[in-house]
Amino acid sequence: MPVASLLPFTVTPNRKSASPTSFRLTEKFILLLVFSGFITLCFGAIFFLPDSSKLLSGVFFRSSSVEAETRAGTVSDTSTGTGKDEKILAKIRKDHEKALIEAKDTLQKRPDEIKQDINSDKAKLVQNRQGKGDSLPFVQYVRPPGATGHEPADPDAKAKRAKIKEVLLHCCYRFISALILEVTPQEAFSNGLLSYLSTGSLKGATIVDALDTLYIMEMYDEFEAATEWVESNLDFNMNAEISVFEVNIRFVGGLLSAYYLSGKEVFRRKAVELGEKLLPAFKTPTGIPWALLNLKSGIGRNWPWASGGSSILAEYGTLHLEFMHLSELSGRPDFAEKVMNIRKVLNRLDKPQGLYPNYLNPNSGQWGQHHVSVGGLGDSFYEYLLKAWLMSDKTDEEGKKLYYDALQAIEKNLIRKSSGGLTYIAEWKGGLLEHKMGHLTCFAGGMIALGADGGPDDKTGHQMELAAEIARTCHESYARTSMKLGPEAFRFDGGVEAIATRQNEKYFILRPEVIETYMYMWRFTHDPKYRQWAWEAVQALEKYCRVEGGYSGVRDVYANTPNHDDVQQSFYLAETLKYLYLLFSDDDHLPFEHWVFNTEAHPLPVIKKQNPLKET
């Protein structure tokens, strides 16, 4: 169509007053006005017309439908364009009417319905984003054997298991109510009991730590409520410094376990997302990760008190199980590579007396102070050497050798027997023994029992005996207190055996390690004393630790009346109660040949040689 036909009037060349130059200027001015009006109309369509993107596709771009019609000869005159304009206007009116109806319907909905719609839209957005290349690889989920159990045939075990389930319900009903009612933790725990709801500034530790326990105890309504909270509220995009170790064992471990038990994809997605957030911690000259990490900046550092800025053995050595599973579920080998590199660094170092000091400098790759402990600062490193081998379906021969070599050095240098016949594991400081054993060290009885079958043939029986002796010593630390609950640490010196002598070692914070050893010893021996000892602990917990809003630690287990610390640690739900429940369950509930527990008692499946969780 000629441009002149678009003008509101015709310019006559024969007008004497119009010189050629003035004509050209006038024409340019008019064309500029017309073009400006056209641009204004287009931008008005962009900002004010619904579905304007489809309108503009025919203005600024030649759409495939128009091209098809042109090739077919169907776009030929202005009458067709007029018909299309009418259709467009009709569509605009229809879209406006639809939007008004939707707005009216939304205003009539209840707040919870509106929230549900918003969450649904969020989920669709995530799916759309994943469809554009951000998704995890498809994994065919197959629930590992023994994820759910059945009622024990023994009526006594059945009744005690039911009681432990009631304990969990009492522990968590307030925080589950907090999720459902959307009240603050302060309102939920109105009696003053504080739940350990966060790890640093990362919220939700109790919820994530308790997920698999809820599922294992078949508290599915509470599990679904917690799952919804994770889906909607668990957010890792924050400017906060966290402990890499604590976040890994509680959050990554808890999310992985919840995925393997339930098959819910949200847990796999969240676990991998958080794992990716932790990767910058490994950006050190040696690849030994920092203890602390800012989730936003990716800047890491170590605890200032840790031997000149060293990394801690039990922290950097307790990532292996979770990171191997992150590689399995994400298809990314870098998770596994990070933890395997830690072994390479350790293998290059000389070990004093075959022992692993608690401190390692991540810059120089050299040991810090020569302090050795199978309790705090060292404990779970040894546990993960053994469990790495077991979780690999016993193919990780390096992990196996490292564990049994370390156990041999521990037995030679740290394990001692008191004059009263109690076997204990001392701490080693620069070649000198401190005859103290922490509550944390009591996990070692279960660890040694778990690994006894894989040791040298002539060592299996000996290691089971050693495990039983450690279990007995830890039981004595409970039996020798007024409350029948164990202190944080106990000593073997000055004629004292299995008793805390310092005030700052007399507290009990609902720790699981003694119960953990009882559970392993029961599974391997079925000696009824382990169930008896565990039930004694349940009765003591009920008598001295139960409060209105849950369970609280106590400040002095040798006192006659409890002085509560008003803290319910998340590991009480994740570990202590889970181990108690399994102790009174049949052995086919989370059987050891198919499951390995991380150090926070989150069960992870053995990665079979022919893994059923295949990427397709």
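As the structure is a computational prediction, the values presented were derived from the model and not from experiment.

## Remarks on the overall build of the protein
Right, so step 1: When its secondary structure is counted, the protein shows 21 helices and 20 strands.
Right, so step 2: A buried classification covers 49% of the 616 residues belonging to the protein.
Right, so step 3: Partitioning the contacts of the protein with sequence separation of at least 6, the portion at a separation of at least 24 is 69%.

## A few points about unusual backbone geometry
For residues other than glycine, phi is negative in most cases, and the peptide bonds are mostly trans.
Right, so step 1: You will see that Asp566, though not glycine, has its phi angle at about 60 degrees, which is positive.
Right, so step 2: Mapped onto the fold, Asp566 is located in the loop between β17 (550–551) and β18 (567–568).
Right, so step 3: With phi around 65 degrees, Ala601 is a residue other than glycine that occupies positive phi space.
Right, so step 4: Residue Ala601 is classed as buried on the basis of its relative accessible area of 0%.

## Overview of the state of the cysteines
Right, so step 1: In the structure shown here, the tally under the stated rule is one disulfide.
Right, so step 2: The disulfide bridge from Cys442 ends at Cys474, spanning 2.0 Å between sulfur atoms. With the S-S dihedral at roughly -100 degrees, the linkage between Cys442 and Cys474 falls on the left-handed side. Taken together, the residues span a long stretch of sequence, with Cys442 in the loop between β14 (436–438) and α17 (444–451) and Cys474 in helix α18 (residues 460–479) at a distance of 32 residues.
Right, so step 3: Cys442 sits in the buried class, given a relative accessible area of 1%.

## A word on the environment of Glu516
Right, so step 1: Along the polypeptide, Glu516 turns up in helix α19 (residues 513–525).
Right, so step 2: When the C-alpha atoms of Glu516 and Lys578 are compared, they prove to be 9.1 Å apart, with 62 residues separating the residues in sequence.

## A closer look at the side chain of Arg343
Right, so step 1: Of note, Arg343 is situated in helix α14 (residues 334–347).
Right, so step 2: Of note is the side chain of Arg343, whose polar atom sits 3.0 Å from the side chain of Glu398.
Right, so step 3: Residues contacting Arg343, with those up to four places away along its chain left out, are His320, Ala388, Asp396, Glu398, Gly399 and Leu402.

## Points about the environment of Ser552
Right, so step 1: As for its position among the elements, Ser552 is in the loop between β17 and β18.
Right, so step 2: Take Ser552: its relative accessible area is 0%, and that puts it in the buried class.
Right, so step 3: For the pair Ser552 and Gln569, spaced 17 residues apart in sequence, the C-alpha separation works out to 8.1 Å.

## Observations concerning α14
Right, so step 1: With 14 residues, α14 ought to run about 20 Å at 1.5 Å a step, and its terminal C-alpha atoms sit 20 Å apart, in line with that.
Right, so step 2: For α14, the full list of buried residues reads Asp334, Phe335, Ala336, Val339, Ile342, Arg343, Val345 and Leu346.

## Section: the UniProt feature "active site" (unreviewed entry) in the protein
Right, so step 1: Per the UniProt record, "active site" (unreviewed entry) is annotated on Glu246, Asp379, Glu488 and Glu513.
Right, so step 2: Locating Glu488 in the fold gives a position in the loop between α18 and β15 (489–491).
Right, so step 3: Overall, Glu488 belongs to the buried group, its relative accessible area being 13%.
Right, so step 4: What Glu488 contacts, discounting residues up to four positions off in sequence, is Gly438, His439, Glu505, Tyr507, Ile509 and Arg511.
Right, so step 5: Locating Glu513 in the fold gives a position in helix α19.
Right, so step 6: Classification of Glu513 as buried rests on a relative accessible area of 7%.
Right, so step 7: Of the polar contacts made by the side chain of Glu513, one reaches the side chain of His439; its length is 3.0 Å.

## Overview of the packing of α19 against helix α21 (residues 570–583)
Right, so step 1: Packing of α19 against α21 leaves a shortest axis separation of 9 Å and a crossing angle of 20 degrees. On the basis of their axis angle, the class for α19 and α21 is roughly parallel. Between α19 and α21 lies a crossing whose hand is left-handed. For the pair α19 and α21, contact is made by Ile515, Glu516, Tyr518, Met519, Trp522 and Arg523 and by Thr576, Tyr579, Leu580, Leu582 and Leu583, respectively.

The rules behind these values
Residues numbered from 1 in each chain as written. Predicted model: local features only at pLDDT ≥ 70, side-chain atom pairs only at ≥ 80, totals over all residues. Heavy atoms only, no water. Helix = DSSP H or I, 4+ residues; strand = E, 2+ residues; numbered from the N terminus. Buried < 20%, exposed > 50% of the residue type's maximum accessible area, 1.4 Å probe, protein only. Contact = heavy atoms within 4.5 Å. Disulfide = S-S within 2.5 Å. Polar contact = N/O pair within 3.5 Å; in protein donor to acceptor, adjacent residues only side chain to side chain. Expected span 1.5 Å × (residues − 1). UniProt positions renumbered as here; feature names shortened; annotations may be inferred. Axes fitted to C-alpha atoms, helices over the stretch in contact; angles between N-to-C directions. Parallel < 35°, antiparallel > 145°, perpendicular 65-115°, else oblique. Left-handed = near helix turned anticlockwise from the far one by under 90°.

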